[in-house]
Amino acid sequence: METVLKVAQIVALLSVAALCLYLIVTLVRLKDVMSKLQKDISDLSTNAKPVLENLGVVTEKLKSITTKIDDQVNLVKGSLESLKQAADSVVMFERQIQKQLEEPIMRITSAFGGIVSRFASFFDRFRGEKTRTM
């Protein structure tokens, strides 16, 4: 029985030794993977820094461009408001001129129309008297 116990101990010790070797190999591989991961992260941070700096420059330029666009839009808006005011002034001036000229012109045309109709009536009477005498 002692021999079986000694054989079981030897098998157990060999199994523990094999497990230890397996863990050592696995930990070495894990160390290699972690080293590669660390190198990749280091490269990424090194390459990302200029990109982030350029992104800051691009952001500042975009802010500048949007500010300039806002200024130009405000300038165009002011120009359009001035143009609208000028058009409104022209329309108001036209109405005033029309109001002031319309009444005298209507009086003149009605007076001229009255004179023409009186001449027409006179000539109609004159013709009517002439045809009776003949």
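Shown above is the structure to which this text applies.
Computed from a prediction, not measured in an experiment: that's the story for all the values here. (Residues numbered from 1 in each chain as written. Predicted model: local features only at pLDDT ≥ 70, side-chain atom pairs only at ≥ 80, totals over all residues. Heavy atoms only, no water.)

*Asks:* Whenever I open this one, the overall build of the protein chain confuses me. Can you help?
*Replies:* When helices and strands are counted, the protein chain shows one helix and zero strands. Against the 2.2 N^0.38 benchmark of 14 Å for 134 residues, the protein chain shows a C-alpha radius of gyration of 55 Å, more extended than a compact globule. Seen through its principal axes, the protein chain has C-alpha atoms that stretch 175 × 35 × 20 Å. For the protein chain, the exposed area adds up to about 12,900 Å²; of that, 68% sits on carbon and sulfur atoms. For the protein chain, the distance from the average position of its 19 positive side-chain charges to the average position of its 15 negative side-chain charges is 6 Å. (Helix = DSSP H or I, 4+ residues; strand = E, 2+ residues; numbered from the N terminus. Rg over C-alpha atoms; globule rule 2.2 N^0.38 Å. Areas by Shrake-Rupley, 256 points an atom, 1.4 Å probe, with all protein chains shown as cover. Lys, Arg positive; Asp, Glu negative; His and termini not counted. Charge placed at Lys NZ, Arg CZ, Asp CG, Glu CD.)

*Asks:* I keep staring at the pattern of salt bridges and nothing clicks. Help me out?
*Replies:* Where charged atoms from two side chains of opposite charge approach closely, those side chains can pair. The full count for this structure, using the stated rule, is four salt bridges. Among the ionic pairs, Lys 39 bridges to Asp 43, the shortest N-O distance being 3.6 Å. Taken as a pair, Lys 39 and Asp 43 lie in helix 1 (residues 2–133) at a separation of four residues, close to a single helical turn. With a shortest N-O distance of 3.4 Å, Asp 88 and Lys 84 are connected by a salt bridge. Taken together, the residues Asp 88 and Lys 84, both in helix 1 and four residues apart, mark about one turn of the helix. On the basis of relative accessible area, Lys 84 is assigned to the exposed category, the value being 55%. (Salt bridge = Lys/Arg side-chain N within 4 Å of Asp/Glu carboxyl O. Buried < 20%, exposed > 50% of the residue type's maximum accessible area, 1.4 Å probe, protein only.)

*Asks:* What is the right way to look at a nonpolar patch on the surface in this model?
*Replies:* Side chains of Leu 27, Leu 30, Met 34, Leu 37 and Ile 41 sit close together on the surface and give an oily, nonpolar patch of about 500 Å² of accessible area. You can see Met 34 is positioned in helix 1. We classify Met 34 as partly exposed; its relative accessible area is 49%. (Patch = residues over 30% accessible without salt bridge, like charges linked within 9 Å, V, L, I, M, F, W, Y side chains within 5 Å.)

*Asks:* What is the right way to look at the packing of aromatic side chains in this model?
*Replies:* A ring pair, where both rings are aromatic, is described by two values, the distance of the centres and the angle of the planes. Taken as a whole and assessed by the stated rule, the structure comprises two aromatic pairs. Taking 6.4 Å as the distance between ring centres and 25° as the angle between the ring planes, the aromatic pair formed by Phe 119 and Phe 123 counts as stacked. Note that Phe 119 and Phe 123 are positioned in helix 1 at a spacing of four residues, about one turn of the helix. By relative accessible area, which is 46% here, Phe 123 ends up partly exposed. Taken together, the ring pairs in this structure connect Phe 119, Phe 122 and Phe 123 into an aromatic cluster. (Phe/Tyr/Trp six-rings, centres within 6.5 Å; stacked < 30°, edge-to-face > 60°.)

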